[in-house]
Amino acid sequence: MPVHLSSTHKGNIYEILSDFLLSLLGVANPPRRQFDDGYDFYCSISTESNGLLTFDSPFMIQIKSGSSFQVQYGKQLKKWKPEDIQWLFRHEIPFFIGFIDIDTKSLSIYDTTGIWYLYCDLNTNCSQVVFKPNKHPQGTRREVPKVKIIKNWETNRNKGDGNRYEIDLGNPIIDISINDVDNTELLQKKKDILRSIILIERENIINRNLGVNFFNEIKQNSTNDSFGIERGAKILQNYDQRYIYKIYDSIRFTMVSLALNLDSNGRSEECKAVKNLIKFIPREGLYKELHEQNPPLSAWLTNIE
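Reading the values: rules and limits
- Residues numbered from 1 in each chain as written.
- Predicted model: local features only at pLDDT ≥ 70, side-chain atom pairs only at ≥ 80, totals over all residues.
- Heavy atoms only, no water.
- Pairing = 2+ DSSP bridges.
- Helix = DSSP H or I, 4+ residues; strand = E, 2+ residues; numbered from the N terminus.
- Axes fitted to C-alpha atoms, helices over the stretch in contact; angles between N-to-C directions.
- Contact = heavy atoms within 4.5 Å.
- Phe/Tyr/Trp six-rings, centres within 6.5 Å; stacked < 30°, edge-to-face > 60°.
- Buried < 20%, exposed > 50% of the residue type's maximum accessible area, 1.4 Å probe, protein only.
- Lys NZ or Arg CZ within 6 Å of the ring centre and 35° of its normal.
- Expected span 1.5 Å × (residues − 1).
- Salt bridge = Lys/Arg side-chain N within 4 Å of Asp/Glu carboxyl O.
- Bend = angle between axes of the 7 residues up to and from the residue.

Draft legend 1. Broad picture of the sheet that holds strand β2 (residues 41-49). Ordered by their spatial adjacency, six strands build an open sheet running β1-β2-β3-β5-β6-β10, and the pairing between neighbours is mixed. Strands with a single pairing partner mark the edges of an open sheet, and in this sheet they are β1 (26-29) and β10 (174-177). Averaged over all adjacent pairs, the angle separating strand axes in this sheet is 30 degrees, with direction ignored. Judged from the four bridges that link them, β1 and β2 form a sheet pairing that is antiparallel. Across the sheet, asparagine 29 pairs through a bridge with tyrosine 42, a residue of β2. Each of β2, β3 (52-65), β5 (95-101), β6 (106-111) and β10 is contacted by helix α4 (residues 184-210), which is oriented at about 125 degrees to β2, the strand it contacts most.

Shown next, in the form of structure tokens:
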């Protein structure tokens, strides 16, 4: 039998137990070790109907041991790479952090919505980002990210801005233990809570991809309690005129669709108000396909002034 480091063996146990507990929520797929890029599991949540399971609400989660009190991204100066930070701001599906506790056979899952606070303030050139769990009494909000200068950091070598950003994870969104195995009702409640956070994160990702810096983060929550979740909105006020056109571009077809449907339903006053907004939206070549597909629409857009 080959020799194993005890730390490696313990890490394998953490992963196996995490796999089992995450599977209580749906399906958990660990990447091959050859392609392990920082996400320990790609997961989906299950729904049972008529004895059949369907899966939805995909998410990623990175698992750490219960003895870890924080998760840091961005290595020390000599090993630092920009990619260690950049991927935090480029997720295409929601990303969570989990802490596994071997003693209690449980997994605590935390959201990472605090990262949007940095993104909205354009603080993405970080040298280090640290996520820190924190026990908050009911009614107490999470702290805004703390910024600390890293001593002896050489910022002139393209190593980020020389700052360490500490993000308060607050309480776990949910926790799962082996005691939940046969408690279908409790598991369903935890799935619903996790889904609600995934939905918030999906909206954040859509806004980022549209170029609109409006994000929701979780500011307060109690573990396994959907009623204790409080959102906090973060909006970027940008004095660059180009940002206005990004916002216009993101609502362009939404406004056209809204106006047409208001018109079809005889809601003329609302329709007029939306038309007044549409006329300010730049449309150089952007309505070409709509004109070709729908001539009446073309006439309507031409006469909205």
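Draft legend 2. Focus on the packing of aromatic side chains. Taken as a whole and judged by the stated rule, the model has nine aromatic pairs. Between phenylalanine 99 and tyrosine 110, the aromatic rings sit 5.5 Å apart at their centres with planes inclined by 90 degrees, giving edge-to-face as the arrangement. Of this pair, phenylalanine 99 sits in strand β5 while tyrosine 110 sits in strand β6; the two residues are 11 residues apart in sequence, bridging distant segments of the chain. Exposure class is identical for phenylalanine 99 and tyrosine 110. Each is buried. Grouping aromatic residues by their ring pairs yields a cluster made of Tyr73, Trp87, Phe95 and Phe131. The ring of tyrosine 117 has lysine 234 sitting right over it, with the charged end atom 4.2 Å from the ring centre.

Draft legend 3. Looking closely at the sheet that holds strand β9 (residues 163-170). Reading across the sheet, the four strands line up as β4-β7-β9-β8 and stay open at both edges, with mixed pairing between neighbours. The sheet is open, and its two borders are formed by β4 (71-73) and β8 (146-149), each paired with just one other strand. Here the average twist between neighbouring strands, direction ignored, is 20 degrees. Note: β8 against β9, four bridges, orientation antiparallel. By the bridge assignment for β9, lysine 148 is matched with arginine 164.

Draft legend 4. Highlighting α4. For α4, built from 27 residues, the straight-helix expectation of 39 Å at 1.5 Å per residue is met to within 8% by its first-to-last C-alpha distance of 39 Å. Following α4 by one or two positions, glycine 211 adopts a phi angle in the positive range, close to 85 degrees.

Draft legend 5. Up close: the side chain of glutamine 62. Checked against the element boundaries, glutamine 62 lands in strand β3. Residue classification places glutamine 62 among the buried positions, given a relative accessible area of 9%.

Draft legend 6. Main features of the pattern of salt bridges. Per the counting criterion, the structure on display carries 15 salt bridges. Between arginine 142 and aspartate 111 there is a salt bridge, and its shortest N-O distance comes to 2.7 Å. Of this pair, arginine 142 sits in the loop between β7 (128-133) and β8 while aspartate 111 sits in strand β6, and the two are 31 residues apart along the sequence. Here arginine 142 and aspartate 111 have matching classes, each one buried. For the salt bridge of aspartate 192 with arginine 195, the shortest nitrogen-to-oxygen distance reads 3.6 Å. Placement of both aspartate 192 and arginine 195 in helix α4 is noted, with a separation of three residues, approximately one turn of the helix. For arginine 195, a relative accessible area of 17% gives the class buried.

Draft legend 7. Helix α5 (residues 241-264), seen in detail. With 24 residues, α5 ought to run about 34 Å at 1.5 Å a step, and its terminal C-alpha atoms sit 34 Å apart, in line with that. The largest bend in α5 is about 45 degrees, located at isoleucine 251. Every buried residue of α5 is accounted for by Tyr243, Tyr248, Ser250, Arg252, Met255, Val256, Ala259 and Leu262. Following α5 by one or two positions, glycine 266 has its phi on the positive side, about 70 degrees.

Draft legend 8. Representation of the environment of serine 177 within the structure. Summarising the element assignment, serine 177 is placed in strand β10. Through-space distance from the C-alpha of serine 177 to that of leucine 107 is 6.3 Å; in sequence the pair is 70 residues apart.

Draft legend 9. Quick look at the environment of isoleucine 278. Note that isoleucine 278 resides in helix α6 (residues 268-278). With relative accessibility at 0%, the residue isoleucine 278 sits in the buried group. Placed 30 residues apart in sequence, isoleucine 278 and tyrosine 248 show a C-alpha to C-alpha distance of 9.0 Å.

Any link to function would need more than the numbers given here.
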